[in-house]
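Residue-level structure breakdown
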Amino acid sequence: QVQLVESGGNLVQPGESLRLSCAASGSGFTFNRMGWYRQAPGKQRELVASITSGNRPNYADSVKGRFTISRDSAKNTVYLQMNSLKPEDTAVYYCNVDAVHRYMAYNYWGQGTQVTVSS
């Protein structure tokens, strides 16, 4: 019903930048909160950033001042601009969205995109 297409993951050096994108699609769906989570090997999946339908952002303390989340509601796409990347940012990044269809609420996960920060 809903498809999430993630892109932008790559191998970069410390201090460099990446921009992740997640495009949501689904006929008749309204996409509300959208966000990014990440999971490193041996660690719990954690919230990186989220953004409401009213464009109010929320960030993990570890990325405040470095990452910026934004959305293009016309394209149903959420972005994560990641600057000043550190080795500890290395993880698989997952897009997550809340959606409503015919008065029913759903939550969807993307397949993940790998971000590796290494010198």
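Since the model is a prediction, treat every value here as computed from it, not as a measurement. Residue positions are given per chain, counting from 1 as you read along its sequence in written order. Confidence filtering applies because this is a predicted model: local features only for residues at pLDDT of at least 70, side-chain atom pairs given and counted only at 80 or more, and all residues used for totals across whole chains, interfaces and linings. Side-chain measures were taken over the full set of non-hydrogen atoms in the model, leaving aside hydrogen atoms and water.

1. Focus: the overall build of the chain
Note the threshold: The secondary structure listing takes helices from DSSP runs of H or I that are at least 4 residues long and strands from runs of E that are at least 2 residues long, numbered from the N terminus. Here the globule rule is a power law, 2.2 Å times the number of residues to the power 0.38, and the radius of gyration is based on C-alpha atoms. In what follows, residue pairs with any heavy atoms lying within 4.5 Å of each other are defined as contacts. Positive charges come from Lys and Arg alone, negative charges from Asp and Glu alone, with His and the N- and C-terminal ends not counted. For this purpose, a charge sits on NZ of Lys, CZ of Arg, CG of Asp or CD of Glu.
In terms of helices and strands, the chain carries zero helices and 11 strands. Ordered by position in the sequence, the α and β elements of the chain form the string β-β-β-β-β-β-β-β-β-β-β. Taking 2.2 N^0.38 as the reference for a compact globule, 119 residues should give roughly 14 Å; the C-alpha atoms of the chain span a radius of gyration of 14 Å, in line with that estimate. In terms of overall dimensions, the chain has C-alpha extents of about 50 × 25 × 20 Å along its principal axes. Considering only intrachain contacts with a sequence separation of at least 6, the fraction spanning at least 24 residues in the chain is 55%. Across the chain, the centroid of the 12 positively charged side chains sits 6 Å from that of the 8 negatively charged ones.

2. Remarks on the pattern of salt bridges
Using the following cut-off: Salt bridges, as used here, are contacts in which a Lys or Arg side-chain nitrogen is within 4 Å of a carboxyl oxygen on Asp or Glu.
According to the stated counting rule, one finds five salt bridges in the structure shown. K64 is the salt-bridge partner of D61, the closest N and O atoms lying 3.1 Å from each other. Here the residues in one salt-bridge network are R38, E46, R66 and D89, joined through shared partners.

3. Focus: the packing of aromatic side chains
Formally: Aromatic pairs are defined between Phe, Tyr and Trp rings, using the six-membered ring for Trp, whenever the two ring centres lie within 6.5 Å; interplanar angles under 30 degrees are classed as stacked, those over 60 as edge-to-face, and all others as tilted. Partly exposed residues are those whose accessible area sits between 20% and 50% of the maximum for their type, while under 20% is buried and over 50% is exposed, using a 1.4 Å probe and protein chains only. In this scheme, the term charge over a ring applies when either NZ of a lysine or CZ of an arginine sits within 6 Å of the ring centre and within 35 degrees of the ring normal.
A full pass over the atoms with the stated rule returns six aromatic pairs. Where F29 meets F31, the ring centres are 6.4 Å apart and the plane angle is 20 degrees; that geometry is what we call stacked. Of the residues examined, F29 reaches a relative accessible area of 10% and is grouped as buried. The class of F31 is buried, set by a relative accessible area of 6%. Taken together, the ring pairs in this structure connect F29, F31, Y106 and Y108 into an aromatic cluster. Above the face of the Y94 ring, R45 is positioned so that its terminal group lies 3.8 Å from the ring centre. Directly above the ring of W109 sits R45, whose terminal nitrogen or CZ lies 4.7 Å from the centroid.

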